[in-house]
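Observations on chain architecture
Given next are the chains, with one letter for each unit.
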Amino acid sequence: MSDSTKARRFEQITAPHLDAAYNLARWLTRDPHDAQDVVQEAYLRALRYFDSFRGDNGKSWLLSIVRNTFYTWLEQNPRHDAADNHIPLPAEGVEIADPAGEPAETWLARLEDQRLVRAALEGLPSEFREVLVLRELEDLSYKEIAAVTDIPIGTVMSRLSRARRLLRAELEKLDGGRH
Amino acid sequence: MDCAQAKPLLDAYCDGELSAGEAAGVEQHVRACAKCRARVEAQRALSSAVRRHATYHGAPDTLRARLRRELPTETTLAGARRSWRQIGAGLAAGVVATLAAQVLWMRHAGDGALTAEIVADHVRSLQANHLADVASTDQHTVKPWFAGKLDYSPPVRDLRSEGFPLEGGRLDHVDGRDVAALIYRRHQHVINVFVWPDTGASAPAALSRDGYNLLHWTQDGMHWWAVSELNAAELQEFVHALRTPAPAG
């Protein structure tokens, strides 16, 4: 592949997904400047790995690089560790109290509060936040989410389910006056 | 299928990710079980709330500019390596790609043919003295007018208090289908807004063609195009007002 062909292919495949790349990085880093750093590094990596891109889904390929770049960045910027996750990571196998079966509970009413919904999503541990962002904001299929996060489809299903349970529990808990 | 079998599948059921057989089984159970029906409704409400309230962060122009500046071209590779705040492994030596950087990081206009069609529809609406099929500044008149004419109900809001009064609506034709066209005005300038159902979410992307400014985005299950001869800044302001949820009450 000539350099100019490569440049054209790289453009066709990655440029249309810049918004998606930034949106994912922004939700993962929770900071506009850090998100820009991560996206820029991800595009450089994507270019570096571009010869090995074989798939037909440029969006999940690029988003998987954004995600990996974020986790590398996180290791190197430990101040951004779990301290920002105000919802603690539940231990594997531990049942999350789930208000979903109780439609009269307050969490349903709080869905109309934009600030609370955002705060609850922002507070989720990143492994839950990322699947929700990919599903609800990017509208990716389970198969695509599996490709981005490098986990089996069955795990995508259970993780999304856990993420939503956590979100409901957090909304239930969040005080309406909390900032 | 009973509750114990159905419950772990409800998320995937709502996400449309079950096989036809499983989906039929869950559906049968949900029809019979009020508790699971409530769970499905609650799950849909949660999804919808996240989609409506969680901000979709479109790439800012500063990032586009940075990529335009920093992404290596053959000649700027060395410079880019110096100025890029490196996190993780640096660029592999020997990566040489000549990127048509200026073109690459322009906002993508999407389908050029669609852009042309939107502009043509806008121009036609001004020329043919056929701006509005329903001329009304009342959103409660304009919205119902579309009922029965389209297989969806377009969101209609007057933005008079934001300086963009609603003038009416029109049935138009875009991309092979009938769509709702909403007409707004800023001083003497007409803004045509075309809206039709679409999934996903995308931040507004700006482009211009033949002297007209356009913005298009996807939000809340609808794809939107705004087109006008209005300047780009005011059109942005209009789209911002349109995208901001109406104040409660």
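This section reports on the structure supplied with the text. Everything numeric here is computed off the predicted structure, so don't read it as measured data.

What counts and how
- Along each chain, the written sequence defines residue order, and numbers are assigned to residues from 1.
- All chains are assigned letters beginning at A, and all ligands numbers beginning at 1, according to the order in which they are written.
- At least 70 in pLDDT is required for a residue's local features to be given in this predicted model, at least 80 for side-chain atom pairs to be given and counted, and no such filter applies to totals for whole chains, interfaces and linings, which use all residues.
- The side-chain figures draw on all heavy atoms in the structure; neither hydrogens nor water molecules are used.
- We count a stretch as a helix when DSSP gives it H or I for four or more residues in a row; a strand needs E for two or more, and each element gets its number in order from the N terminus.
- Partly exposed describes any residue whose relative accessible area lies between the buried limit of under 20% and the exposed limit of over 50%, with all areas from a 1.4 Å probe on protein chains only and scaled to the type maximum.
- When checking whether two residues touch, look at their non-hydrogen atoms; a contact exists if any pair is within 4.5 Å.
- Per-residue and other accessible areas were derived by the Shrake-Rupley procedure at a 1.4 Å probe size, with only the shown protein chains allowed to occlude residues.
- DSSP calls a pair of strands paired once it identifies at least 2 bridges connecting them.
- Here an angle of 0 to 180 degrees is reported between the N-to-C directions of two axes, which are lines fitted to C-alpha atoms, with helices fitted over the stretch in contact.
- Whether a set of points on the 1 Å grid over the protein atoms alone is a cavity depends on a 1.4 Å probe fitting there but being unable to get out, while an open set qualifies as a pocket with protein on both sides within 12 Å along at least five of seven lines; lining residues are those with an atom within 4 Å of a point.
- Grid points are joined across faces, edges and corners, and a volume is the space filled by probe spheres set on the points.
- Gly falls in the polar group here, along with every residue not listed as nonpolar (Ala, Val, Leu, Ile, Met, Phe, Trp, Tyr, Cys, Pro) or charged (Asp, Glu, Lys, Arg).
- The salt bridge definition used is simple: a Lys or Arg side-chain nitrogen within 4 Å of an Asp or Glu carboxyl oxygen.
- An angle below 35 degrees is read as roughly parallel, one above 145 as roughly antiparallel, one from 65 to 115 as roughly perpendicular, and any other as oblique.
- Two helices that cross are described as forming a left-handed crossing if the nearer one is turned anticlockwise from the farther one by less than a right angle, and a right-handed crossing if clockwise.
- Under the rule applied, a polar contact is a pair of N or O atoms within 3.5 Å (in protein, one hydrogen donor and one hydrogen acceptor; residues adjacent in sequence only if both atoms are side-chain atoms).
- Residues grouped as a nonpolar core are buried Ala, Val, Leu, Ile, Met, Phe, Trp, Tyr and Cys residues, joined through side-chain atoms within 4.5 Å.

Overview of the overall build of chain A
In terms of regular secondary structure, chain A is built from 9 helices and 0 strands. Listed N to C, the secondary structure of chain A is α-α-α-α-α-α-α-α-α in terms of helices and strands. Residues counted as buried form 56% of the 179 residues belonging to chain A. In chain A, of all internal contacts separated by at least 6 residues, the share reaching a separation of at least 24 is 73%. For chain A, the accessible surface area stands at approximately 7500 Å², while carbon and sulfur atoms represent 49% of it.

What about the sheet that holds strand E4 (residues 189-197) of chain B?
Within a beta sheet, neighbouring strands are joined by backbone hydrogen bonds and run either parallel or antiparallel to one another. Residue and element names in this part refer to chain B. Taken in spatial order, the 7 strands of this open sheet run E1-E2-E3-E4-E7-E6-E5, and their pairing is antiparallel. Of all strands in the sheet, those with a lone pairing partner are strand E1 (134-135) and strand E5 (202-209), marking the two edges. As defined by bridge partners, E4 adjoins strand E7 (residues 222-228) across 7 bridges and the pair is classed as antiparallel. In the sheet register, Asn192 faces E7, and the bridge partner there is Val227. Lying on the sheet, helix H10 (residues 232-243) is in contact with strand E3 (177-186), E4, E5, strand E6 (212-219) and E7; it crosses E6 at an angle near 25°.

Some thoughts on the layout of surface pockets
Residues and elements named next belong to chain B. In this structure, the largest pocket spans a volume of roughly 1500 Å³. Along its surface, the largest pocket is lined by 50 residues, and Arg52, Gln219, Asp220, Arg243 and Pro245 are the ones closest to its centre. Here the residues of the lining of the largest pocket sort into 20 nonpolar, 15 polar and 15 charged.

With respect to the pattern of salt bridges
In total, this model carries 22 salt bridges over all chains according to the counting rule given. Among the salt bridges present, the one from Arg45 of chain A reaches Glu41 of chain A, with a minimum N-O distance of 3.5 Å. In this pair, Arg45 of chain A and Glu41 of chain A both sit in helix H3 (residues 32-49), 4 residues apart, roughly one turn of the helix. Glu41 of chain A shares its class with Arg45 of chain A; the two are buried. A salt bridge links Asp15 of chain B to Arg164 of chain A; its shortest N-O distance comes to 2.9 Å.

Some points on the packing of helix H6 (residues 114-123) of chain A against helix H9 (residues 153-173) of chain A
Residue and element names in this part refer to chain A. In the contact formed by H6 and H9, the axes pass within 9 Å of each other and the chain directions differ by 130°. Viewed along their axes, H6 and H9 adopt a mutual orientation that is oblique. Considering how the two elements wind past one another, H6 and H9 form a crossing that is right-handed. Counting all contacts with H6, which are made through Leu116, Val117, Ala120 and Leu121, the residues of H9 involved are Leu167, Glu170 and Leu171. A per-class count over the contact of H6 with H9 returns 6 nonpolar, no polar and 1 charged.

Digging into the side chain of Arg135 of chain A
Its place among the elements puts Arg135 of chain A in helix H7 (residues 126-137). Arg135 of chain A gets classed as buried once you look at its relative accessible area, which sits at 9%. There is a polar contact of 3.4 Å between the side chain of Arg135 of chain A and the side chain of Asp15 of chain B.

Some details on the nonpolar core
Across soluble globular proteins, nonpolar side chains show a tendency to be buried alongside one another. By size, the foremost hydrophobic cluster in this structure holds 72 residues, and its most contacted members are Val39, Tyr43, Trp61, Leu63, Leu121, Leu167 and Leu171 of chain A. If you tally residues by element for this core, the top one is helix H2 (residues 18-29) of chain A, at 8 residues. Leu167 of chain A has contacts with Ala120, Leu121, Leu124 and Leu132 of chain A together with Leu46 and Val50 of chain B, leaving out every residue within four places of it along the chain.

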